[in-house]
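# Coordinate analysis (summary)
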Amino acid sequence: MRILEKSRGYFRGTHKGCTIEIERDRTASSFRHKFYITVQGSDGCYRYDGWSPEGVETMAEAKREAIKGACL
């Protein structure tokens, strides 16, 4: 995985030709889903676009979920 941009609560990178973007949601209404994940292929189609499942607590877990969820 190649890092393009990284800060506290945000990640953008590439993996196997796809762009992965993950943003932590810190609003009060996001007590069940903590990360919004998008994975876009080189063809422009989204392979993953949505909230992380319950139980994903860290950015590292969100990255693993992005790769697994997009079947990379």
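Figured I'd write up the structure that's included with this text.

Parameters and conventions
- Residues numbered from 1 in each chain as written.
- Predicted model: local features only at pLDDT ≥ 70, side-chain atom pairs only at ≥ 80, totals over all residues.
- Heavy atoms only, no water.
- Pairing = 2+ DSSP bridges.
- Helix = DSSP H or I, 4+ residues; strand = E, 2+ residues; numbered from the N terminus.
- Axes fitted to C-alpha atoms, helices over the stretch in contact; angles between N-to-C directions.
- Contact = heavy atoms within 4.5 Å.
- Buried < 20%, exposed > 50% of the residue type's maximum accessible area, 1.4 Å probe, protein only.
- Core = buried A, V, L, I, M, F, W, Y, C linked by side-chain atoms within 4.5 Å.

With that settled, consider the sheet that holds strand β2 (residues 10–15). Strand order in the open sheet formed by five strands is β1-β2-β3-β4-β5, and the pairing between neighbours is antiparallel. Both edges of this open sheet fall to β1 (2–7) and β5 (46–51), since each of them pairs with a single strand only. Each adjacent strand pair in this sheet contributes to an overall mean axis angle of 10°, direction not counted. Of the pairings in the sheet, the one linking β2 to strand β3 (residues 18–24) comprises six bridges and is antiparallel in character. Residue pairing in the sheet places Thr14 in a bridge with Thr19 of β3. Lying over the sheet, helix α1 (residues 59–69) contacts β2, β3, β4 (35–40) and β5, oriented at roughly 140° with respect to β3.

Further remarks concern the pairing of β3. The loop that links β2 with its antiparallel partner β3 comprises two residues; one of these, Lys16, has a positive phi angle of about 50°. Relative to β4, β3 runs antiparallel, the two sharing six bridges. Counted as the bridge partner of Ile20 is Val39 from β4.

A separate point is the side chain of Ser52. Position of Ser52 among the secondary structure elements: in the loop between β5 and α1. A relative accessible area of 0% places Ser52 in the buried class. Among residues more than four places away in sequence, those in contact with Ser52 are His33, Lys34, Phe35 and Ile37.

Let's shift gears to the environment of Val39. Note that Val39 resides in strand β4. With a relative accessible area of 0%, Val39 lands in the buried category. Taking the C-alpha atoms as reference points, Val39 and Ala66, separated by 27 residues in sequence, lie 6.8 Å from one another. In this structure, Val39 is in contact with Cys18, Thr19, Ile20, Cys45, Tyr46, Arg47, Tyr48, Ala66, Ala70 and Leu72, ignoring residues within four places of it in sequence.

Judged by nonpolar contacts, the single largest core of 14 residues is most densely connected at Ile20, Ile22, Phe35, Ile37, Val39, Ala62 and Ala66. Listed by contribution, the elements that provide at least two residues to this core are β3, β4 and α1.

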